[in-house]
Amino acid sequence: MNKYKSKLINFLVFFLFLSAFFYLLFNENGIVKYMKLRGEINELDNKIHNAEKTLYDLQKEIDSLKYSLRTIEKVAREKYHMYKPYEQEILIEEDEK
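A brief report on the enclosed structure follows. (Residues numbered from 1 in each chain as written. Predicted model: local features only at pLDDT ≥ 70, side-chain atom pairs only at ≥ 80, totals over all residues. Heavy atoms only, no water.)

1. A look at unusual backbone geometry
Now for step 1: Phi angles above zero are rare outside glycine, and histidine 81 is one such case at about 50°.
Now for step 2: Summarising the element assignment, histidine 81 is placed in the segment after α3 (69-80). (Helix = DSSP H or I, 4+ residues; strand = E, 2+ residues; numbered from the N terminus.)

As structure tokens, then:
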């Protein structure tokens, strides 16, 4: 009877430990949820970093367009195909291979 009681206690302890382990892993605030949320936070941090870099680049471009005549002329020529009255526009086509 003593062996049976000892095995029963060992089984109950193991069952309680296993139950607690699964509860910690899979409850609404468990480790699995934590890992998922941590991944989402990292993804959002990367998006924020990329947005800040884009913002910085655009701010540099705005400042350049405000204060640099050379940049204004470059944009006017490349983007809007503008040129001075005495100049002639020449288009160069590249072969696609």
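2. A short note on the packing of aromatic side chains
Now for step 1: Considering all chains together, one arrives at 1 aromatic pair under this definition.
Now for step 2: Look at phenylalanine 11 and phenylalanine 15: their rings are 6.4 Å apart centre to centre, the planes differ by 20°, and that puts the pair in the stacked class. With phenylalanine 11 and phenylalanine 15 both in helix α1 (residues 2-26) and 4 residues apart, the pair spans about one turn of that helix.
Now for step 3: Residue class for phenylalanine 11 comes out exposed when judged on its relative accessible area of 51%. (Phe/Tyr/Trp six-rings, centres within 6.5 Å; stacked < 30°, edge-to-face > 60°. Buried < 20%, exposed > 50% of the residue type's maximum accessible area, 1.4 Å probe, protein only.)

3. Remarks on a negative patch on the surface
Now for step 1: Side chains of Glu93, Glu94, Asp95 and Glu96 sit close together on the surface and give a patch of like negative charge.
Now for step 2: By the element assignment, glutamate 93 lies in the segment after α3. (Patch = residues over 30% accessible without salt bridge, like charges linked within 9 Å, V, L, I, M, F, W, Y side chains within 5 Å. Areas by Shrake-Rupley, 256 points an atom, 1.4 Å probe, with all protein chains shown as cover. Salt bridge = Lys/Arg side-chain N within 4 Å of Asp/Glu carboxyl O. Lys, Arg positive; Asp, Glu negative; His and termini not counted. Charge placed at Lys NZ, Arg CZ, Asp CG, Glu CD.)

4. Observations concerning the pattern of salt bridges
Now for step 1: Going through the model one piece at a time under the given rule, you end up with 3 salt bridges.
Now for step 2: Ionic pairing is found between lysine 47 and glutamate 43, a salt bridge with its closest N-O pair at 4.0 Å. With lysine 47 and glutamate 43 both in helix α2 (residues 31-67) and 4 residues apart, the pair spans about one turn of that helix.
Now for step 3: A salt bridge links arginine 77 to glutamate 73; its shortest N-O distance comes to 3.0 Å.

Bear in mind that shape data such as this cannot, by itself, settle questions of function.
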